[in-house]
Amino acid sequence: MSDSEYAIESTDAGASTTIPMEAGQIKKGGYIMIKGKPCKVLSISVSKTGKHGHAKCNFTATDIFTGKKLEDMVPSSHGTTVPVVTRTEWEIIDIGEEGELTLMDEGGNQKTDINLPGYPESMADEIRDAWAEGENQVQVSVQAAVGIEQIIAFKKDTGGD
């Protein structure tokens, strides 16, 4: 047997981007998939068991990437999906003309596949102003879920010199 037969093409661990969860277990402030979009739960109202025996959970949530408000109703004992959401901190190294960013983490790893955020509208300009063509250090928080990554927060680093 030669090594070439076992060539591994991808470094993905095969982890799913969503996990199943019973609708009744999802809490306010948690995450849920609604219409294929990862959302943060704003409120949950549970109706009483009816003629057919299932209490229903009515979820009101906002899309974590666009801020759009979505609603969904799921029987509390039925399964639904919850996105796996991760948040990482990066430092801006460069901002390109089209808004593409070069980022670096604490380990020195670089990331070049993220652009300035489109939502909220003012955040992209605020990040550019805070960075001031490299005059200041700016840390950004990148949130990732279901294969989408987007900057959700930033802060100007005042420490240093």
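Up top is the structure these notes are about.
Residues numbered from 1 in each chain as written. Predicted model: local features only at pLDDT ≥ 70, side-chain atom pairs only at ≥ 80, totals over all residues. Heavy atoms only, no water.

A few points about a nonpolar patch on the surface
Taken together, the side chains of I19, M21 and V84 present a nonpolar region at the surface, about 210 Å² in accessible area. Given the relative accessible area of 40%, I19 is considered partly exposed. (Patch = residues over 30% accessible without salt bridge, like charges linked within 9 Å, V, L, I, M, F, W, Y side chains within 5 Å. Areas by Shrake-Rupley, 256 points an atom, 1.4 Å probe, with all protein chains shown as cover. Salt bridge = Lys/Arg side-chain N within 4 Å of Asp/Glu carboxyl O. Buried < 20%, exposed > 50% of the residue type's maximum accessible area, 1.4 Å probe, protein only.)

Observations concerning unusual backbone geometry
The residue K35 is not glycine, and still its phi comes out positive at about 55°. Note on placement: K35 falls in the loop between β2 (31-34) and β3 (37-46). We note that A132 has phi near 50°; this positive angle belongs to a residue other than glycine. Assignment of secondary structure puts A132 in the loop between α1 (123-131) and β10 (137-145). (Helix = DSSP H or I, 4+ residues; strand = E, 2+ residues; numbered from the N terminus.)

Let's talk about the sheet that holds strand β11 (residues 148-157)
Sheet architecture is open: 5 strands sit in the order β9-β8-β7-β10-β11, paired in antiparallel fashion. Two strands in the sheet have a free side with no partner beyond their single neighbour: β9 (110-115) and β11. Adjacent strand axes in the sheet meet at a mean angle of 40°, parallel and antiparallel pairs treated alike. Examined bridge by bridge, strand β7 (residues 86-95) and strand β8 (residues 100-104) share 4 bridges and lie antiparallel to one another. Paired with D94 across the strands is T102, a residue of β8. Lying on the sheet, α1 is in contact with β7, β10 and β11; it crosses β11 at an angle near 40°. (Pairing = 2+ DSSP bridges. Axes fitted to C-alpha atoms, helices over the stretch in contact; angles between N-to-C directions. Contact = heavy atoms within 4.5 Å.)

Section: the sheet that holds β2
The strand order β2-β3-β4-β5 describes an open sheet built from 4 strands, whose pairing is antiparallel. Strand pairing shows two members of the sheet lacking a second neighbour, β2 and β5 (69-75), which therefore form its edges. Taking the axes of each pair of neighbouring strands and ignoring which way they run, one obtains an average angle of 45° across the sheet. The sheet contact formed by strand β4 (residues 56-63) and β5 spans 7 bridges and is antiparallel. The residue of β5 that forms the bridge with A61 is L70.

Describing the nonpolar core
Grouped burial of nonpolar side chains is what soluble globular proteins tend to show. Of all hydrophobic cores here, the largest spans 16 residues; its most connected members are I92, L103, V140 and I151. Here the element with the most residues in this core is α1; it accounts for 5 residues. Contact partners of V140, with chain neighbours within four places excluded, come to T88, E89, W90, I92, L103, I151, A153 and F154. By size, the runner-up hydrophobic cluster in this structure holds 12 residues, among which are V41, C57, L70 and V82. (Core = buried A, V, L, I, M, F, W, Y, C linked by side-chain atoms within 4.5 Å.)

Examining the environment of M21
Among the secondary structure elements, M21 is positioned in strand β1 (residues 18-22). What makes M21 partly exposed here is its relative accessible area of 30%. Through-space distance from the C-alpha of M21 to that of T80 is 5.5 Å; in sequence the pair is 59 residues apart. Once residues within four sequence positions are removed from consideration, M21 is found in contact with I26, H78, G79, T80 and V82.

Some points on the environment of E91
With respect to the secondary-structure elements, E91 resides in strand β7. Taking the C-alpha atoms as reference points, E91 and F154, separated by 63 residues in sequence, lie 9.4 Å from one another. Dropping the residues within four chain positions of it, E91 is found in contact with T102, L103, M104, Q137, V138 and Q139.

Describing a negative patch on the surface
Together, D94, E97, E98, E100, E133 and E135 make up a negatively charged patch on the protein surface. When you line up the elements, E133 lands in the loop between α1 and β10. (Lys, Arg positive; Asp, Glu negative; His and termini not counted. Charge placed at Lys NZ, Arg CZ, Asp CG, Glu CD.)

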